[in-house]
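Each chain, letter by letter, is given below.
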Amino acid sequence: MSRMQKMPEPELIFDRSRPGRIGCNVPRCDTPEVDVASAVGAVRDDLHLPEVSELDLLRHFTNLSHINYGIETGFYPLGSCTMKYNPKINEQTARLAGFANLHPMQPVATIPGALEILYGVQSMLIEITGFSTITLQPVAGAHGEMTCLMLIKAYHESRGEGNRTVVLVPDSAHGTNPASAARCGYSVKSIPTDAAGNTDLAALATALEEVGPNVAALMLTNPSTLGLFEPNIERICKMLHDAGGQVFCDGANMNAMVGTTRPGDHGFDCMHLNLHKTFSTPHGGGGPGCGAIGLQSHLEPFLPAPVIRMSEGKIIADEDRPQTIGRVAGFYGQFLMEVRAYTYLRAFGKEHMADISRYSVLNANYVRERLKDVLPPAHDRPCMHECILTAEKYKKEHGVRALDISKRLIDYGFHPPTNYFPLIVPECLMIEPTETETKETLDEFCDAMISICREAVEEPDLLHDAPSTRITGRLDETLAVKNLDVRWWPNQ
Amino acid sequence: MSNIPSDLKYAKSHEWVRVEGDVATIGITDFAQSELGDVVYVDLPAVGKTLAVGDIFGSVESVKTVSDLYSPVAGNVLEINPELTNASELVNTDPYGDGWMIKISLTASVPSELLDAEGYGAVAH
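Residues numbered from 1 in each chain as written. Chains lettered and ligands numbered in written order. Predicted model: local features only at pLDDT ≥ 70, side-chain atom pairs only at ≥ 80, totals over all residues.

### Remarks on the pairing of strand 3 (residues 23-28) of chain B
All names here are of chain B. For strand 2 (residues 15-20) and strand 3, the ladder comprises six bridges, and the chain directions are antiparallel. Looking at the pairing, Val19 lines up with Ala24 of strand 3. Hairpin connection from strand 2 to strand 3: two residues lie between these consecutive antiparallel strands, with Gly21 at a positive phi of about 65 degrees. (Pairing = 2+ DSSP bridges. Helix = DSSP H or I, 4+ residues; strand = E, 2+ residues; numbered from the N terminus.)

### Let's talk about the sheet that holds strand 7 (residues 66-70) of chain B
All names here are of chain B. In spatial order, the strands read 4-6-7; together these three strands make up an open sheet with antiparallel pairing. In this open sheet, the two edge strands, each paired with only one partner strand, are strand 4 (39-43) and strand 7. For this sheet, the mean angle separating the axes of adjacent strands, direction not counted, is 20 degrees. Here strand 4 pairs with strand 6 (residues 56-62) via four bridges, running antiparallel. Along strand 6, the bridge assignment pairs Asp43 with Ser59. (Axes fitted to C-alpha atoms, helices over the stretch in contact; angles between N-to-C directions.)

### What about the interface of chain A and chain B?
With six residues of chain A at the contact, the number on the chain B side is five residues. Taken together, the residues of the side of chain A that touches chain B sort by class into three nonpolar, one polar and two charged. (Contact = placed C-beta atoms within 7 Å. Nonpolar A, V, L, I, M, F, W, Y, C, P; charged D, E, K, R; others polar.)

### Describing the packing of helix 15 (residues 402-411) of chain A against helix 16 (residues 439-458) of chain A
Residue and element names in this part refer to chain A. Running from N to C, helix 15 and helix 16 point in directions that differ by 125 degrees, and their axes come no closer than 10 Å. Here helix 16 runs oblique to helix 15, going by the angle between their axes. Helix 16 is crossed by helix 15, and the crossing has right-handed handedness. Taking contact as the criterion, the partners of Ile405, Arg408 and Leu409 in helix 15 are, on helix 16, Ala448, Ile452, Glu455 and Ala456. Tallied by class, the residues present in the contact of helix 15 with helix 16 amount to five nonpolar, no polar and two charged. (Parallel < 35°, antiparallel > 145°, perpendicular 65-115°, else oblique. Left-handed = near helix turned anticlockwise from the far one by under 90°.)

### Some thoughts on the domain arrangement of chain A
Accessible area lost on assembly of the parts is the figure often given for the size of an interface. Residue and element names in this part refer to chain A. Segmenting chain A into domains produces domain 1 (13-67), domain 2 (102-348) and domain 3 (353-480). Between the C-alpha centres of domain 2 and domain 3 there is a distance of 31 Å. Listed as interface residues are 20 residues of domain 2 and, on the opposing side, 19 residues of domain 3. Tallied by class, residues from the side of domain 2 that touches domain 3 come to ten nonpolar, nine polar and one charged. (Domains from an automatic or database assignment.)

### Concerning the environment of Asn214 of chain A
Residue and element names in this part refer to chain A. Structurally, Asn214 is set in the loop between helix 8 (201-211) and strand 4 (215-221). Measuring from C-alpha to C-alpha, the distance between Asn214 and Pro417 comes to 39 Å, with 203 residues separating the pair along the chain. Filtering out sequence-adjacent residues up to four positions away, Asn214 remains in contact with Asn163, Arg164, Thr165 and Val166.

### Digging into the pairing of strand 4 of chain A
Residues and elements named next belong to chain A. Taken across its seven residues, strand 4 has seven buried, putting it largely inside the fold. As paired strands, strand 2 (residues 166-170) and strand 4 are joined by three bridges and run parallel to one another. Residue pairing in the sheet places Val166 in a bridge with Val215 of strand 4. In this structure, strand 4 lies alongside strand 5 (residues 246-251), joined through five bridges in parallel fashion. When the sheet's bridge partners are listed, Leu218 is paired in strand 5 with Val247. For the crossover that starts at strand 4, traverses helix 9 (residues 233-242) and ends in the parallel strand 5, the hand is right-handed. (Buried ≥ 20, exposed ≤ 12 C-beta atoms within 10 Å, placed from the backbone. Right-handed = clockwise from strand over helix to strand, strands pointing away.)

### Notes on the sheet that holds strand 5 (residues 50-51) of chain B
Through backbone hydrogen bonds, the strands of a sheet pair up, either in parallel or in antiparallel fashion. Residue and element names in this part refer to chain B. Read across the sheet, six strands follow the order 1-2-3-9-8-5 without closing on themselves; strand pairing throughout is antiparallel. Two strands bound the open sheet, and with one partner strand each, they are strand 1 (9-10) and strand 5. Two elements, strand 3 and strand 9 (residues 102-106), share four bridges in a ladder whose sense is antiparallel. When the sheet's bridge partners are listed, Ile26 is paired in strand 9 with Ile102.

### Here's the deal with the packing of helix 5 (residues 112-129) of chain A against helix 12 (residues 335-348) of chain A
Residue and element names in this part refer to chain A. At a minimum axis distance of 9 Å, the contact between helix 5 and helix 12 shows a crossing angle of 55 degrees. Between helix 5 and helix 12, the angle is such that the two are oblique. Two packed elements cross with a definite hand, and for helix 5 against helix 12 that hand is left-handed. The residues of helix 12 that touch helix 5, namely those facing Ala114, Ile117, Leu118, Gly120, Val121 and Met124, are Phe335, Glu338, Val339, Ala341, Tyr342 and Leu345. Residues belonging to the contact of helix 5 with helix 12 are distributed by class as follows: ten nonpolar, one polar and one charged.

### Side note on helix 12 of chain A
Residue and element names in this part refer to chain A. Between its terminal C-alpha atoms helix 12 stretches 20 Å, which fits the 20 Å expected from 14 residues at 1.5 Å a residue. Summarising burial for helix 12: ten of the 14 residues are buried, a large majority. Within the span of helix 12, buried status applies to Leu336, Met337, Glu338, Val339, Arg340, Ala341, Tyr342, Thr343, Tyr344 and Leu345. Buried residues along helix 12 sit in contact with helix 3 (89-94), helix 4 (97-100), helix 5 and helix 11 (275-278). (Expected span 1.5 Å × (residues − 1).)

Quick look at the structure:
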């Protein structure tokens, strides 16, 4: 479908429904038949399930898939999300029967191959991050953050320092950081960012003085959400350690560092990794996420059990952990996601690992340079894996907001970048191209952005009314939030 | 240009204060509501809660973001605007009137750091 053509609105599966029509053959029952009502109690007959033929069903969902937008249909520069392409070989290995058919309740002694995969992923991530241990147990990024804070809390308490109740979080942080801290019972103190986009060291020193012996930790994203590497990272870690605090690294932006530099060498005590961002496990549709965490040896005793480790030449799932914080997930991570991450890491190989960070940083800087005359970068220095641009001048001079630019981008056939984050940059557009895009794709995107910025000056209503070529126009987000109603019900 | 009434006091964090006797009425400014966009939820404190200057007294959620609300004065919460529960859009349509958020019974004088309309005009742009 051409990019500027209006798409027809799809019908609902219910529109095709006719009473009694059946789209599947249920195999003959190979167990004694039981009356459903007598087995489960009352059976509802008011569910209004669609009744369609197999072909109608197939067409309906195939047509829906054609209007879906994903990394396999186009460029997806959603900042802070690392929407890189996940190579198909990951899917092939995850579908190998030996992995796919494992039962979660199988005795550990029967799954040496699975343990080998888990241990392999851990070992490679240890080498990449520079930490002494990795656990794959947390099942989402924020879950990994929270697990790190739980380890920090257990560490302080083990030293008789349960009075450490304050966590410092820079004002550029992802919202999950203060949320994880609050969830662990900490109070949160915000640290401002200086004009250059770095952590404000004077403000950090003041905060440390104010909080005194109660500081538990600093949660720092590096590179920051401004797409900038924190140049004072070693000094910041030392300031926290001198005050008796720990330093957690939010690893959301690890894509900028893979193979090039290691957070474990910067002075961090622990970090989380989003395997679903950096290490190419599925990301859309809610995951499932994978929030592996890395830590220095002083936090190891508190690790959630089991710990997958080497013992006398054998990989074991060690449950004998007297100081453990306990389990943080029902099982050990998302196993088939670990298979995908393992495949990705092995397919790349150690010798090419640095290409991930080099190309992702190069691509972001290319976009930044090409767009700097129409959309100025928030900070005047090279960015890391994502660039932060501001559309403030269009708002002031033409009444066009960052949101309008993003909506217009949909008409040009691209997924919009992240808007209005980080919160400290006005009319913010956050663009993360990732390493998997070619120069040609980046040029098409930049051409579209430059064209849209021209429209913003000459015909701003094109942006105010966008998108105008999709199945729906601008959605009423306020109505959607305040009066959410996603049920379908037949006309009565 | 956003509307900045001359009879109010303002905090740099974009709250306004109207002082009548020892009661202060607090809301967010026209500039703040326009930056936030459509407000979908306002979280307000319990009546009776004691607030110091700079304490977080609630939060305002728009389609774009969630922002904390900071008390520009010290005192006890006397009343909250009950209309905002079901009509949070009042913060957008009438920020200085029906969109008010809380009334505080003052326990200390109004801080001298609060800005007048002219001073706030220099912040809100």
